[in-house]
Amino acid sequence: MIRCLGVDLGLVGGAGLAVLEDGSPPQVLATLALPPRQSAQGFLDAVADLLLAHQPYLVICERPWTGRRDPRPNVGLAQRERLGLVKLACEQYGLPKSRLRPIYAVTMKRMITGSGKAGKREVGSIVRSILGVEEENEHVLDSLGLALCGLQAERVKRKDSAIRKEMAARAEGKCDW
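It should be emphasised that the depicted structure is a prediction, and the values quoted were computed from it without experimental measurement.

Basis of the calculations
Residues numbered from 1 in each chain as written. Predicted model: local features only at pLDDT ≥ 70, side-chain atom pairs only at ≥ 80, totals over all residues. Heavy atoms only, no water. Helix = DSSP H or I, 4+ residues; strand = E, 2+ residues; numbered from the N terminus. Contact = heavy atoms within 4.5 Å. Phe/Tyr/Trp six-rings, centres within 6.5 Å; stacked < 30°, edge-to-face > 60°. Lys NZ or Arg CZ within 6 Å of the ring centre and 35° of its normal. Axes fitted to C-alpha atoms, helices over the stretch in contact; angles between N-to-C directions. Parallel < 35°, antiparallel > 145°, perpendicular 65-115°, else oblique. Left-handed = near helix turned anticlockwise from the far one by under 90°. Nonpolar A, V, L, I, M, F, W, Y, C, P; charged D, E, K, R; others polar. Buried < 20%, exposed > 50% of the residue type's maximum accessible area, 1.4 Å probe, protein only. Polar contact = N/O pair within 3.5 Å; in protein donor to acceptor, adjacent residues only side chain to side chain. Pairing = 2+ DSSP bridges.

**Observations regarding the environment of Y104**
Of note, Y104 is situated in the loop between β5 (100–103) and α3 (105–113). For the pair formed by Y104 and E62, sequence separation is 42 residues and the distance between their alpha carbons is 5.6 Å. If we skip the residues at most four places from it in the chain, Y104 touches R63, P64 and W65.

Here you go:
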């Protein structure tokens, strides 16, 4: 079974971490809400602890974004620092770089709700419904949403790979059909 660590970099109100295991429905293995003023070392330790405890195949984290007119450019910089800490933890854990996949929050919202402009409440409501959890922390819910996206993307990638192999075998005449 595939395990995925979802990381909501958060900042203003904290951050969230969650580990899911693929299944129908996916199983929540761990969640962790980090406080708003979590130190860099505390954040790094939390990510490293989940990597060691649950050994995920894949890590999906929020990709920092700041627009040209963003009134809070420092938030994007601080999120980039946290992304660097996630990369460091993954490197120390031995996770290949190809299995750390940052995605924009708007992409996660689109995959979960169908709209990139969905609010945190809508995302949280759908994540709670899919996973059957009672979680209220919006950062943990975002990290669960990120992990769901990671699991789905990996399922699609593996299915696509299997189809490509089958097509190649057919082209080489190795299949009877």
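**Describing the packing of aromatic side chains**
Under the defined criterion, the tally for this structure stands at 0 aromatic pairs. It is R63 that lies over the ring of Y104; its NZ or CZ is 5.3 Å from the centre. Looking at R158, its charged tip hangs above the ring of Y57, at a distance of 4.9 Å from the centre.

**Notes on the packing of helix α4 (residues 120–131) against helix α5 (residues 138–171)**
Running from N to C, α4 and α5 cross one another at 60°; their axes reach a closest spacing of 9 Å. With respect to each other, α4 and α5 are oriented oblique. Every pair of crossing elements has a handedness; the one defined by α4 and α5 is left-handed. Residues K120, V123, G124, V127, R128, I130 and L131 of α4 touch α5, and the partners they reach there are E138, L141, D142, L144, G145 and L148. Counted by class, the contact of α4 with α5 contains 7 nonpolar, 2 polar and 4 charged residues.

**A closer look at the side chain of T113**
Structurally, the position occupied by T113 is in helix α3. Residue classification places T113 among the buried positions, given a relative accessible area of 19%. At 2.7 Å, the side chain of T113 forms a polar contact with the backbone oxygen of K109. Engagement of the side chain of T113 in a polar contact is seen with the backbone oxygen of S115, the distance being 3.0 Å. Beyond its immediate stretch of four places on either side in the chain, T113 contacts A118, E122, V123 and I126.

**Some thoughts on the pairing of strand β2 (residues 14–21)**
A large share of β2 lies buried, amounting to 8 of its 8 residues. Side chains G14, G16, A18 and L20 of β2 all project onto a buried face; the interleaved residues A15, L17, V19 and E21 project onto the opposite face, where all are buried too. With 7 bridges connecting them, β2 and strand β3 (residues 27–34) associate as antiparallel partners. By the bridge assignment, G16 is partnered in β3 with A33.

**Concerning the packing of α3 against α4**
The N-to-C vectors of α3 and α4 enclose an angle of 50°; their axes lie 10 Å apart at closest approach. For the element pair α3 / α4, the angle class is oblique. In this structure, α3 crosses over α4, and the sense of that crossing is left-handed. From α3, M108, K109, I112 and T113 reach across to α4, where they touch E122, V123, I126 and V127. Taken together, the residues that form the contact of α3 with α4 break down as 5 nonpolar, 1 polar and 2 charged.

**Observations concerning unusual backbone geometry**
A cis amide bond links S24 with the next residue in sequence, P25, at an omega value of 0°. Unlike most non-glycine residues, Q55 shows phi in positive territory, near 45°. Assignment of secondary structure puts Q55 in the loop between α1 (40–54) and β4 (58–62).

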